[in-house]
Amino acid sequence: MNELLELLKQNALESPENLSKMLGLSIDEVKQQIAAYEKEGVIRAYQAVVNEEKLDASLVTTVIEVKVTPESEGGFDRIADRISRFPEVDSVFLMSGGFDLLLFIKGRTMQESFSFVSEKLSTMQGITSTATHFMMKTYKQSGILMHTGEDDERLKVSP
Amino acid sequence: MNDSKSLRNRITKTVREIPRSGIRDFFDIVSSREDVISLGIGEPDFVTPWHIRDAAMLALERGVTSYTSNMGLLALRRGIAQYVEKKTGTAYNPVDEVLVTVGVSEGLDLAIRALIEPGDEVLYHEPSYVSYNPLIQFAHGTPVAIQTKKENGFRLTRAELEAHVTPRTKVLLLNYPNNPTGAALSQQDVEDIAAFAIEHDLIVLTDEIYDELTYDRQHFSFISVQGMKERTIYLHGFSKAWAMTGFRMGFTCAPPELTEAMMKIHQYTMLCAPILSQEASIEALKKADSDIAYMKAEYKKRRNFIHASFEQMGIPCIYPDGAFYAFADVSKFGMTSREFALKLLDDQNVACVPGTAFGACGEGFIRCSYATAMDDIKEAMERIARFIENL
């Protein structure tokens, strides 16, 4: 992938000045390229990777496997789009294998997430079954280790 | 004990007269301080790739804890021969031309001890890795340092070689890509130096441990030149590109007579390289291409960053082609390298290595390693900028 995008995926807050030094581009070139990515929708958003467990009221993440009946027109896209529009839904993926859609739901409590599944999701037309899992702990997310780092054990000066 | 029998006087003159490494000296100073950002580290900041560590653990689980053949595990030597042929186009027989050593450090020691008799001259270039000069002296050879120049990008030229060769010159010791300058050679440079070695009938020791780490051009090896394999000991190891420094794994490739000679010393001093490290290295050669590519891409961004930052500060620094060092020229501040490095450490808690640790001609320079996390490099560059503003 493009090096600029790789760097922004690691740290979206990296300054154009630093990016220009790393990539051997001018600051203006970096700014223009980022603006182009934003305009083309290559970059959809900039978000922080948050360790929810450090927060007093952490969110509950629910992972749901959904089987659906594809529609004759639109296949999986229409139902996936309808599901995506619920604000509770964090991510939606179309999968190969034993089920069709994989959903990640964020809720304040398990009860809240369960209500979403039983009241809003299962009742949607086209959904034939759901399997609900609650996420217990996050070890790594978006390439970031959430709990452990690897300490630098090297000598401070070496040949 | 009277003076003549003091312990110091019982140590050989050769060892007594070799000064402590400038690196060790500086290490002691840096170690006494807290929260130092160090650009003084000559090893990768990456941990050895997981699958290589896993291979070492699996070997331990299988109870692989014995000696190996003095030469090293044949499977590893085969892997090394394949790797070297792929990189350089030169084929070595894994049975009698490849020797597994404990780091390139041991390989160099073996090569020099196998070849040098008292009074033989060894040509090498400075600034250089810290062990070259002492190893030659331990073998009672005469080190002849050629001072490479900033205006040549610290590349060794044929003219400089011609000016230093004598009838006593037996060995030419080379290290490109270079620690500490970051210089790498073009194919033409390599061919010129090789022609010189052939014309003067010298044995060449080429330490190419940084061969994977060139950023703007493909590395061209001395053993790729016609007529060089016959007179060359090629030294390489897993420390840098595979981030395996603590495994202490190196190897030599050389004609059977030279390999046998080095093997004799190796078998009586080291017996063999540690078997777990050898097992890990077999894995490293099999499937670490993507790991190397990843680390190299990271180094390249840091190289660009550190070079651009020095330029912005008005500190001249040759564009480092290889390895992971920037050799910055701080002579204009009117201090020695050591004074500059000490004051920088004192004022801003940033450690770098004075150029003089790599030979007298390193005066006026500091070595900054970019085998350092990008965030630390950014912070260090800001601190250096603040430091020089107040000079």
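Residues numbered from 1 in each chain as written. Chains lettered and ligands numbered in written order. Predicted model: local features only at pLDDT ≥ 70, side-chain atom pairs only at ≥ 80, totals over all residues.

Chemist: Could you clarify how one ought to interpret the sheet that holds strand S2 (residues 89–94) of chain A in this entry?
Modeler: The strands making up a sheet associate through backbone hydrogen bonding, with each pair oriented either parallel or antiparallel. Residues and elements named next belong to chain A. If you walk across this open sheet you meet the four strands as S2-S3-S1-S4, and the pairing is antiparallel. Where the open sheet ends on each side, the last strands, each with one partner, are S2 and strand S4 (127–134). Across the sheet, the mean angle from the axis of one strand to that of its neighbour is 20°, orientation sign disregarded. Where strand S1 (residues 60–68) and strand S3 (residues 101–107) come together, seven bridges link them in antiparallel fashion. In the strand pairing of S3, Glu 65 is matched with Leu 102. Each of S1, S2 and S3 is contacted by helix H4 (residues 77–84), which is oriented at about 165° to S2, the strand it contacts most. (Pairing = 2+ DSSP bridges. Helix = DSSP H or I, 4+ residues; strand = E, 2+ residues; numbered from the N terminus. Axes fitted to C-alpha atoms, helices over the stretch in contact; angles between N-to-C directions. Contact = placed C-beta atoms within 7 Å.)

Chemist: Explain the sheet that holds strand S5 (residues 169–174) of chain B to me, please; I cannot follow it from the model alone.
Modeler: Residues and elements named next belong to chain B. Judged by pairing direction, the sheet is mixed, and its seven strands sit side by side in the order S2-S8-S7-S6-S5-S3-S4 without closing on themselves. Edge positions in the open sheet fall to strand S2 (98–101) and strand S4 (142–147), since each of these has one partner strand only. The sheet shows a mean angle of 20° between the axes of neighbouring strands, taken without regard to direction. Where strand S6 (residues 203–207) meets strand S7 (residues 232–237), four bridges bridge the pair, whose relative direction is parallel. Bridge pairing links Leu 205 to Ile 233 in S7. Lying over the sheet, helix H10 (residues 256–269) contacts S2, S7 and strand S8 (250–253), oriented at roughly 25° with respect to S2.

Chemist: Looking at this model, I keep getting lost on the interface of chain A and chain B. Mind explaining?
Modeler: Often, the extent of an interface is quoted as the loss of accessible area upon association of its parts. Opposite the 13 residues of chain A that make contact, chain B presents 24 residues. Here the residues of the side of chain A that touches chain B sort into five nonpolar, three polar and five charged. (Nonpolar A, V, L, I, M, F, W, Y, C, P; charged D, E, K, R; others polar.)

Chemist: Teacher, can you tell me more about the pairing of S3(A) here?
Modeler: When a strand is regular, its side chains alternate between the sheet's two faces. All names here are of chain A. Relative to S3, S2 runs antiparallel, the two sharing five bridges. Note that in S3 the partner of Leu 94 across the bridge is Leu 101. Between S2 and S3, which pair antiparallel and follow one another directly, the connecting turn spans six residues, one of which, Gly 97, has a positive phi of 105°.

Chemist: Sorry, what's going on with the domain arrangement of chain A here?
Modeler: Split into domains, chain A comes out as domain 1 (3–40) and domain 2 (53–136). On a C-alpha basis, the centres of domain 1 of chain A and domain 2 of chain A stand 34 Å from each other. (Domains from an automatic or database assignment.)

Chemist: Just checking my understanding: could you explain unusual backbone geometry for this structure?
Modeler: Excluding glycine, most residues fall at negative phi; most peptide bonds, likewise, are trans. B:Pro127 follows B:Glu126 through a cis peptide bond whose omega is 0°. Mapped onto the secondary structure, B:Pro127 falls in the loop between strand S3 (121–126) and helix H7 (132–138). At A:Ser142, a position not held by glycine, the phi torsion is positive, near 50°. In this model, B:His140 sits at a positive phi of 65°, which is unusual for a non-glycine residue. Tracing the backbone through its elements, the reader meets B:His140 in the loop between H7 and S4. Look at B:His140 and you get partly exposed, because 13 C-beta atoms sit within 10 Å. (Buried ≥ 20, exposed ≤ 12 C-beta atoms within 10 Å, placed from the backbone.)

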